[in-house]
Amino acid sequence: MKPLGPIPAGFTAIDGVLAVGGKPVTTWVEQAGDTPLFLYEAERVRARVADLRAAMPGRLALHYAVKANPFMPLLSLMDGLVDGFDIASGGELEIVRGAGIDLSRVSFAGPGKRDRELEAAIRAGVTLNLESEAEARRAIAIGDELSLTPRLALRVNPDFDLKGSGMKMGGGAKPFGIDAERVPELVRHIVASGAEWRGFHIFAGSQALDAEAIAETQGQALDLAARLALQSGAPLPHCNLGGGLGIPYFPGDKPVDLTLVGERLAARLENLPDVLQETAFCIELGRYLVGESGVYLARVIDRKESHGEVFLITDGGLHHQLAASGNFGTVVRRNYPSAIATRFDAPVEEEASIVGCLCTPLDKLADKGGFPRAEAGDLIAVFCAGAYGASASPANFLAQGPAVEMLV
Ligand SMILES: *Cc1c(COP(=O)(O)O)cnc(C)c1O
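Residues numbered from 1 in each chain as written. Predicted model: local features only at pLDDT ≥ 70, side-chain atom pairs only at ≥ 80, totals over all residues. Heavy atoms only, no water.

Peer 1: What exactly am I supposed to notice about the site of the ligand here?
Peer 2: What surrounds the ligand is a group of 12 residues, the closest being K67, S206, E284, G286 and Y388. The separation between an oxygen atom of the ligand and a polar side-chain atom of K67 is 2.7 Å. Within the backbone of R287, a nitrogen or oxygen atom sits 2.9 Å from an oxygen atom of the ligand. Here the ligand has 390 Å² of accessible area as a free molecule, and 91% of this is covered by the chains. (Near = heavy atom within 4 Å. Polar contact = N/O pair within 3.5 Å; in protein donor to acceptor, adjacent residues only side chain to side chain. Areas by Shrake-Rupley, 256 points an atom, 1.4 Å probe, with all protein chains shown as cover.)

Okay, structure coming up:
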């Protein structure tokens, strides 16, 4: 048997069935009318934000990275919980606009922004986190053409990365951000252009569980911001310190020690150099805010045995859960937390693999896990499905189409 990832704390059974949002998931499946189904539990999102607010210094604003999960009802919930939103495309701009979010609280990062995306952002008063000198020139020119003052920040490619992070986004040659040593000159150019200078965006990595490493990276980001602000000779209105906080997906993973991160950051913010005294700070988080709130449900269509192994074949798969299948940026496939949702409190009885309905051996949701015996008709659950699930999976593969999503 291969181990399964840790199920986030607090999930219980009602009459043997996994409960989400206070009801057995079978109730939500009935209401949705179909499987597969993503359930996002609002209470978990609220609790996560409250925990963060309690642990982090009051001066630190909290932004939500929309790409983790752009489901509209979830964005509306977030609107009342966080201080700002980070988007990464013109499409996400239209989504946050549609959710009625105040666009002056939105920043737009990401390489390869097209002119029409820059224009839409400038018209909307969105802050652009510029990724290159050429993008800065285009943004300034578009502002001039429209007779609008663009709100411009610079994404810095830091000279360090986040140790232990699942995805390194800084350090060395990168398509993201502007190399730190070229930043001061570009800041002076932006200020001279008459644009509204908004500050730095320093994002060094994602999905880290090591609190020491996260704290160290935040400290390095503050040092870098101070150095670049001094060299630029312009005040720094705002500094986005990036994200990096991960969630436990795999066997042995432990949650981030949030208290340590908060205390270390508070100590740093209390002892800022003069050049950062007036600066407003934020962090931007995606998966940490919503990842554990999500549960993906699929129905077992067929149970079969092949050469002594049990396969539970479901109506879901990698087209909704690319990351859980091990095909989204992982080197070695490991099991996400999963369970038989309709036998949630039953003991382990057998080794089984949960697979999807696509004709590829990649379509595996759990490999040789220990489960109660499940039959056709049972529901399986994959946990940690709230981030990079529906939004980061190829829903059109084999013309399967998207799963239903619900906020409960
Ligand atoms: C993806 C991304 C995030 C969110 O990362 P998570 O791991 O979901 O917290 C934040 N900022 C930027 C710039 C990103 O590209």
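Once the structure has been displayed, the description carries forward.
Peer 1: What's the story with the domain arrangement of the protein in this structure? I'm lost.
Peer 2: A common measure of how large an interface is: the accessible area buried when the components associate. When cut into domains, the protein gives domain 1 (13-40 + 292-407) and domain 2 (109-285). Taking the mean C-alpha position of each, domain 1 and domain 2 sit 36 Å from one another. Listed per partner, the contact involves eight residues of domain 1 and six residues of domain 2. Buried area between domain 1 and domain 2, summed over both chains or domains, comes out near 750 Å², and the portion from carbon and sulfur atoms is 64%. Interface area lost by domain 1 to domain 2 is led by E292, R334 and Y336, which between them contribute 51%. (Domains from an automatic or database assignment. Contact = heavy atoms within 4.5 Å. Buried area = accessible area lost by both parts, 1.4 Å probe.)

Peer 1: Can you help me understand the environment of I140 in this one?
Peer 2: Tracing the backbone through its elements, the reader meets I140 in helix 6 (residues 133-146). Residue I140 is classed as buried on the basis of its relative accessible area of 12%. Excluding residues within four positions of it along the chain, I140 makes contact with L152, H189, I190 and S193. (Helix = DSSP H or I, 4+ residues; strand = E, 2+ residues; numbered from the N terminus. Buried < 20%, exposed > 50% of the residue type's maximum accessible area, 1.4 Å probe, protein only.)

Peer 1: Where do I start with the pattern of salt bridges in this structure?
Peer 2: Should their charged atoms come close, side chains of opposite charge can pair. Summed over all chains, the structure comprises 25 salt bridges. For E309, the salt bridge goes to K368, with nearest N and O atoms at 3.8 Å. Highlighted residues: E309 in strand 17 (residues 309-314) and K368 in strand 20 (residues 364-371), separated in sequence by 59 residues. Residue class for E309 comes out partly exposed when judged on its relative accessible area of 29%. (Salt bridge = Lys/Arg side-chain N within 4 Å of Asp/Glu carboxyl O.)

Peer 1: When you look at the UniProt feature "modified residue: N6-(pyridoxal phosphate)lysine" (unreviewed entry) in the protein in this model, what are you seeing that I'm missing?
Peer 2: Taking the numbering used here, the UniProt-annotated feature "modified residue: N6-(pyridoxal phosphate)lysine" (unreviewed entry) corresponds to K67. Mapped onto the fold, K67 is located in the loop between strand 5 (60-65) and helix 3 (72-79). Residues contacting K67, with those up to four places away along its chain left out, are E92, Y388 and S391. (UniProt positions renumbered as here; feature names shortened; annotations may be inferred.)

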